[in-house]
Every structure is written in structure tokens, then in C-alpha cells.
Amino acid sequence: MNYFSRRPRRNRQNEAIRSLVRETNVTTDDLILPLFLLEGTNKKTEVESMPGIFRLSTDLMLKEIEACMKLGIRAFDVFPVVEEKYKDKMATRSYDPKFFYLTALKQIKQEFPEALIITDVAMDPYSSDGHDGIVENGKILNDETLEVLARMTIAQAETGIDMVGPSDMMDGRVGFLRDQLDEAGFKETGIMSYTAKYASAFYGPFRDALDSAPKFGDKKTYQMDPANRREALIEAQLDIEEGADVLMVKPALAYLDIIADLKANFDLPVAAYNVSGEYAMIKAAAQKGWLDADRARDEVLTSIKRAGADMILTYFSKEFAESIHS
């Protein structure tokens with residue numbers, strides 16, 4: 001018997017053949033860049049735990065979006081950095097039309113109508129409790145929170161943004177927000193649901209960036225248990241029935257199986273959030289000289305797309321785009 005009639009190495013001989021047979025290719029069309037918005041003008045502060053990532057005031061964010069658009073990045077998810085003085089138990093600033101986040105969204109969308117602008121819907125950036133829902137006697141109130149989320153969602157839709165991202169993990173919120181958007185005349189505003197958002201250890205740098213860590217306890221009563229896989233299918237089915245347009249898995253790297261499950265079982269596009277801790281790990285290891293940051297970045301993004309993600313939210317978006325244009 002000839003054991004060498006098939007030699008897979010023939011298709012690995014050089015970059016030309018490797019590129020021809022490559023099964024998964026990441027491009028800028030796959031990427032969404034998360035951005036951190038500051039109040040004020042000409043403000044730029046680096047997130048200490050996320051080297052190369054900055055909080056930006058609106059004027060500088062407009063310049064950053066313009067630079068990214070030239071590199072081929074066309075989708076952006078904007079998160080507000082809210083000072084403590086604006087926070088209260090009911091997150092009232094989240095739907096104040098004069099608040100800097102909402103005025104900035106309107107300005108961004110007016111200046112870049114061709115860009116896809118996604119927003120964050122959750123109470124934690126605006127809440128004095130630091131939780132994603134209303135807190136009463138140490139418990140998160142699910143149904144009462146939906147009313148606040150709806151007001152927040154409508155206020156964001158009124159700025160002209162394209163898609164809201166409910167990240168709160170309250171039960172029933174996708175359907176509630178879809179109904180409220182439709183009734184308010186925003187039938188075209190999409191919903192990217194944080195479908196399977198796990199209670200993960202990989203969110204630390206993000207909470208540093210927004211100063212939005214919970215003031216007590218944790219988020220395990222509403223975010224998913226990292227040990228659960230089948231439960232993600234339940235969440236996805238509910239989100240689809242309630243009117244979601246995109247299903248998201250967060251984080252990405254420790255949950256590639258969940259990304260694959262959603263892709264295999266449902267027809268909606270699947271997004272994956274390559275979160276702050278995943279970014280920080282690579283950057284920290286690279287600073288120590290323990291790995292090649294560029295190769296690790298590209299391998300991570302490829303793994304997420306290979307698992308089934310149609311779109312990837314990642315802090316690597318700009319540097320990845322720069323690498324393929326260099």
C-alpha cells in the first residue's frame with residue numbers, strides 16, 4: 001500500500017498555494033470597532049489596561065472614524081464614559097436628549113451617514129449602582145428595567161443611529177424594545193442582541209475604560225454561567241422570536257463553541273465580541289516579548305471567523321486594517 005498517495009503538504013509549499021486554498025479570510029468588512037466617548041473637547045486619554053486604546057471626545061472621535069473609514073472600517077460601536085456626577089439609580093441621563101452621548105451620536109451620524117453606528121443599551125454606564133438593571137433590596141428588577149431601556153433606546157434611535165445593542169441580558173428585552181421602536185416609527189433601526197453574554201472574567205479592562213464596575217455583588221443573576229452551552233440556544237431562539245436582527249456572543253475566545261452552535265442552528269447573522277481582556281492579554285504578553293502581537297492578533301481574529309462569526313467587534317480593528325494596507 002502506498003501511504004503517500006495523498007500528501008496534504010503539497011498545498012502548503014509556499015504562500016501562493018497557501019493563499020489559494022485558505023478556507024478562512026478576515027477582512028475589514030468583518031470588523032466593528034468599539035469606541036469610548038468622553039464628554040468635552042480635545043480630550044484623549046489612554047485606557048491603562050488596553051494599550052493603544054483611547055477614550056475620545058466627540059471632535060477627536062470624528063477624526064478617528066474618518067481615519068478608520070479610509071482604512072475600510074465602516075462599522076463602529078460607541079460606548080459612553082459617564083462621570084460619576086451624572087449617575088443615579090434610574091440612569092436618567094441615558095435618555096436626556098441634551099446629554100453628551102446622544103448629541104455626539106447625532107453629530108457622528110450626520111457627518112458619516114455611510115457608516116454603521118451601533119449603540120449600547122444598558123443601565124450600567126449611567127447607574128450609580130453599576131448594574132445593568134434597576135436595583136432594589138440587592139436584587140435586579142427585570143421587568144421594571146425594560147421601561148428604562150426602552151426610553152434609552154428611543155432616545156438613541158432619535159439621533160439617527162443604525163442599530164442598538166442591548167447588552168443588559170434582561171429577559172424579554174429584545175421583544176419589548178422592538179415593539180417600542182416600531183411604535184415610535186423606528187422600524188428601520190436594527191437590534192444587535194447580546195444573546196449569549198457570559199459572566200466573564202475578561203471584561204475587566206472595559207469596566208476600567210468606562211468606570212462602570214458594579215458597586216456591589218456581581219452580574220451572575222443576569223449574565224450567563226460560563227459552564228452553560230445549551231442555554232445559549234434558548235437565548236438565541238427567544239431573541240429571534242422577539243425580533244433580533246443579529247445574535248451576539250460575548251466574549252469570543254473562550255466561547256468559540258457557542259459561536260459555532262449559533263451559526264449551525266440559526267439563520268440570523270452571528271456577531272462575536274473579542275473583548276477587552278482578550279485584547280489586553282495579547283498586548284501584555286507582547287510587551288513582555290512572549291509572543292508576536294501581530295501574528296497572535298490575526299490568529300485570534302481568524303479563529304473567531306472560522307468558528308462562524310459573520311462580524312467581529314474587536315479593539316484590533318484599526319491596527320488590523322493598517323497592517324493590510326502597509
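Residues numbered from 1 in each chain as written. Predicted model: local features only at pLDDT ≥ 70, side-chain atom pairs only at ≥ 80, totals over all residues. Heavy atoms only, no water.

> Residue-level account of the overall build of the protein, with values.
Secondary structure assignment for the protein yields 11 helices and 12 strands. Computed over C-alpha atoms, the radius of gyration of the protein comes to 20 Å, within 12% of the 20 Å expected from 2.2 N^0.38 for 326 residues, which places it in the range of a compact globule. Burial statistics for the protein: of 326 residues in total, 53% are counted as buried. Looking at the protein as shown, the accessible area adds up to about 15400 Å², and 48% of this sits on carbon and sulfur atoms. Within the protein, one finds 41 positive and 54 negative side-chain charges whose respective centroids are separated by 7 Å. (Helix = DSSP H or I, 4+ residues; strand = E, 2+ residues; numbered from the N terminus. Rg over C-alpha atoms; globule rule 2.2 N^0.38 Å. Buried < 20%, exposed > 50% of the residue type's maximum accessible area, 1.4 Å probe, protein only. Areas by Shrake-Rupley, 256 points an atom, 1.4 Å probe, with all protein chains shown as cover. Lys, Arg positive; Asp, Glu negative; His and termini not counted. Charge placed at Lys NZ, Arg CZ, Asp CG, Glu CD.)

> Help me get a handle on helix α2 (residues 58–70), residues and values and all.
Between its terminal C-alpha atoms α2 stretches 18 Å, which fits the 18 Å expected from 13 residues at 1.5 Å a residue. Among the residues of α2, T58, L60, M61, L62, I65, C68 and M69 are the ones counted as buried. Packed against the buried residues of α2 are β1 (31–38), β2 (44–46), β3 (54–57), β4 (75–80), α3 (100–111) and α11 (317–325). Remark: G72 follows α2 within two positions and exhibits a positive phi of approximately 100°. (Expected span 1.5 Å × (residues − 1). Contact = heavy atoms within 4.5 Å.)

> Residues and numbers for the layout of surface pockets, please.
Here the largest pocket is characterised by a volume of approximately 350 Å³. What lines the largest pocket is a set of 16 residues, among which G52, I53, F54, E64 and K318 lie closest to the centre. Taken together, the elements giving at least two residues each to the lining of the largest pocket come down to β1, β3, α2 and α11. The dominant element in the lining of the largest pocket, judged by the number of residues it contributes, is β1, at 4 residues. Grouping the constituent residues of the lining of the largest pocket by class yields 10 nonpolar, 1 polar and 5 charged. Its volume calculated, the second largest pocket comes out at about 190 Å³. In terms of lining, the second largest pocket is formed by 13 residues, of which the most central are M169, D171, T221, Y222 and Q223. (1 Å grid on protein atoms, 1.4 Å probe; cavity = no way out; pocket = protein on both sides within 12 Å on 5 of 7 lines; lining within 4 Å. Points joined across faces, edges and corners; volume = space filled by probe spheres on them. Nonpolar A, V, L, I, M, F, W, Y, C, P; charged D, E, K, R; others polar.)

> Account for a negative patch on the surface, naming residues and giving values.
Among the surface-exposed residues, E136, D143, E144, E147 and D171 lie close enough to one another that they form a single negatively charged patch. Ranked by residues supplied to the negative patch, first place goes to helix α4 (residues 142–157) with 3 residues. Mapped onto the fold, E147 is located in helix α4. (Patch = residues over 30% accessible without salt bridge, like charges linked within 9 Å, V, L, I, M, F, W, Y side chains within 5 Å. Salt bridge = Lys/Arg side-chain N within 4 Å of Asp/Glu carboxyl O.)

> Residue-level account of the side chain of K109, with values.
Following the sequence through the fold, K109 ends up in helix α3. A polar contact of 2.5 Å, which involves the side chain of K109, links it to the backbone oxygen of A115. Beyond its immediate sequence surroundings of up to four residues, K109 is in contact with A115, I117, T159, G160, I161 and D162. (Polar contact = N/O pair within 3.5 Å; in protein donor to acceptor, adjacent residues only side chain to side chain.)

> Help me get a handle on the nonpolar core, residues and values and all.
Core analysis: the largest hydrophobic core is formed by 107 residues, its most contacted members being F36, F76, M192, I259, L262 and Y273. In terms of residues, this core owes the most to one element, α4, which gives 8 residues. (Core = buried A, V, L, I, M, F, W, Y, C linked by side-chain atoms within 4.5 Å.)

> Requested: an account of helix α10 (residues 293–307), with residues and values cited.
For α10, with 15 residues, the first-to-last C-alpha span of 21 Å sits near the 21 Å given by 1.5 Å per residue. Inspection of α10 places A293, A296, R297, V300, L301, S303, I304 and A307 among the buried residues, and these make up the whole buried set. Buried positions in α10, seen along its axis, are confined to an arc of 155° and lie on one side of it. In α10, the exposed positions that point more than 90 degrees away from the buried face belong to R295, E299 and R306. Structurally, α10 contributes buried residues whose contacts are with α8 (256–265), β11 (270–274), α9 (276–287), β12 (311–314) and α11. Where α10 begins, one side-chain oxygen reaches toward the backbone nitrogen of D294, 3.0 Å away; that side chain belongs to D292. The positive-phi residue at the C-terminal boundary of α10 is G308, with phi of around 130°. (Arc of directions from axis to C-beta.)

> Give a description of the pairing of strand β5 (residues 116–121) that names residues and reports values.
Most of β5 sits inside the fold, with 5 of its 6 residues counted as buried. Judged from the 4 bridges that link them, β4 and β5 form a sheet pairing that is parallel. The residue of β5 that forms the bridge with F76 is I117. The parallel pair β4 and β5 is bridged by α3, and the resulting crossover is right-handed. Note that β5 and strand β8 (residues 163–166) share 4 bridges and pair parallel. Opposite V121, over in β8, you have P166 as the bridge partner. (Pairing = 2+ DSSP bridges. Right-handed = clockwise from strand over helix to strand, strands pointing away.)

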